[in-house]
Structure formats: structure tokens, C-alpha cells
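A closer look at the structure
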Amino acid sequence: MIASTNTHVCAYDSKGGSYDAPFFTTWFCTAWTSLFFPVYCALQCLHCSGKDQPTGGPLLEAVRHFRDRGFTFAQFTCRTLLLCLLWVATNYLLIRSLRALACTDVVALYSTHAAFVYLLSWVVLHEQFVGVRVRG
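Residues numbered from 1 in each chain as written. Predicted model: local features only at pLDDT ≥ 70, side-chain atom pairs only at ≥ 80, totals over all residues. Heavy atoms only, no water.

Notes on the overall build of the chain
Per the secondary structure count, the chain includes five helices and three strands. In the chain, the succession of helices and strands from N to C terminus is β-β-β-α-α-α-α-α. In the chain, which comprises 136 residues, the proportion classed as buried is 7%. In the chain, once contacts between residues fewer than 6 apart in sequence are set aside, the share between residues at least 24 apart is 35%. (Helix = DSSP H or I, 4+ residues; strand = E, 2+ residues; numbered from the N terminus. Buried < 20%, exposed > 50% of the residue type's maximum accessible area, 1.4 Å probe, protein only. Contact = heavy atoms within 4.5 Å.)

Printed below as a string of C-alpha cells:
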């Protein structure tokens, strides 16, 4: 059962208690993603091993590409930490926004994030904007 007021939305369980834990939900989703990503990578490596790939697969090719450009382990660690902080902040604020906005408004805002990421990558990374890449 969902109870809705003008100020926030929270879910009630069968005993009448409310569930309002955005950080726990963020942690829970991140933990499951972290658990299954290595499984996904292993399955991709097994899938690619059957094909003729003398370079060692897409993962090794990506590592080789960064190493050739002078990308160090310290740079990798700093950028990974920044990405992790952005991931947690984004997911926490998405779940927390359900307190102030209706679910349909939150989903509408969240569904536009891909377009904003593309436009910000154009500005921040100085990538050339190509209209053909913008597809739904």
C-alpha cells in the first residue's frame, strides 16, 4: 500500500511501518550490480574466446589503449573514485526525490539523463556533436 501526501511518498508494509531508506536502497542496488558485473565480464570473455581474436579480446584491447596513452594506475583510481561518488550521489538523490515529487515526474526526469550525458560530454570532453548518434 502506498500512502501519498503533498510532502512525500513512502511505502507501508503489512504491519503499518513505513519504508524510507534511500541510502540503503542505493547500497543494495550497488552491491548487486558489483556482484554481477564480474560474472558478466567472465561470460563475455568466454563468449569472445570462441571467436578468432588474436588481440586478447575487447577488455585487454581497452586496457592496452589506455596504457598507450599514458594512463597510470593513480589516474585510474582517482577517476574511479570520482565515478563511484557520482554513482552513489545520483542514485541516492533519485530515490530521495520521490519524497518531494510524484513518481511520474521523477521517471520523466530520469529518462532524459542520457541526452544530458551526451550533451555534457560534448561540452566537457570537447567531443564533436554528431546528430546521427542521437537516437532513441
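Observations regarding a nonpolar patch on the surface
Together, Phe23, Phe24, Trp27, Phe28, Trp32, Leu35, Phe36, Val39, Leu43, Leu46, Trp87 and Val88 line one region of the surface with nonpolar side chains, adding up to about 1300 Å² of accessible area. Counting only elements with at least two residues in the nonpolar patch, the list comes to helix 1 (22-49) and helix 3 (73-96). If you tally residues by element for the nonpolar patch, the top one is helix 1, at 10 residues. With respect to the helices and strands, Val39 occurs in helix 1. (Patch = residues over 30% accessible without salt bridge, like charges linked within 9 Å, V, L, I, M, F, W, Y side chains within 5 Å. Areas by Shrake-Rupley, 256 points an atom, 1.4 Å probe, with all protein chains shown as cover. Salt bridge = Lys/Arg side-chain N within 4 Å of Asp/Glu carboxyl O.)

By themselves, these observations are geometric and do not establish any function.
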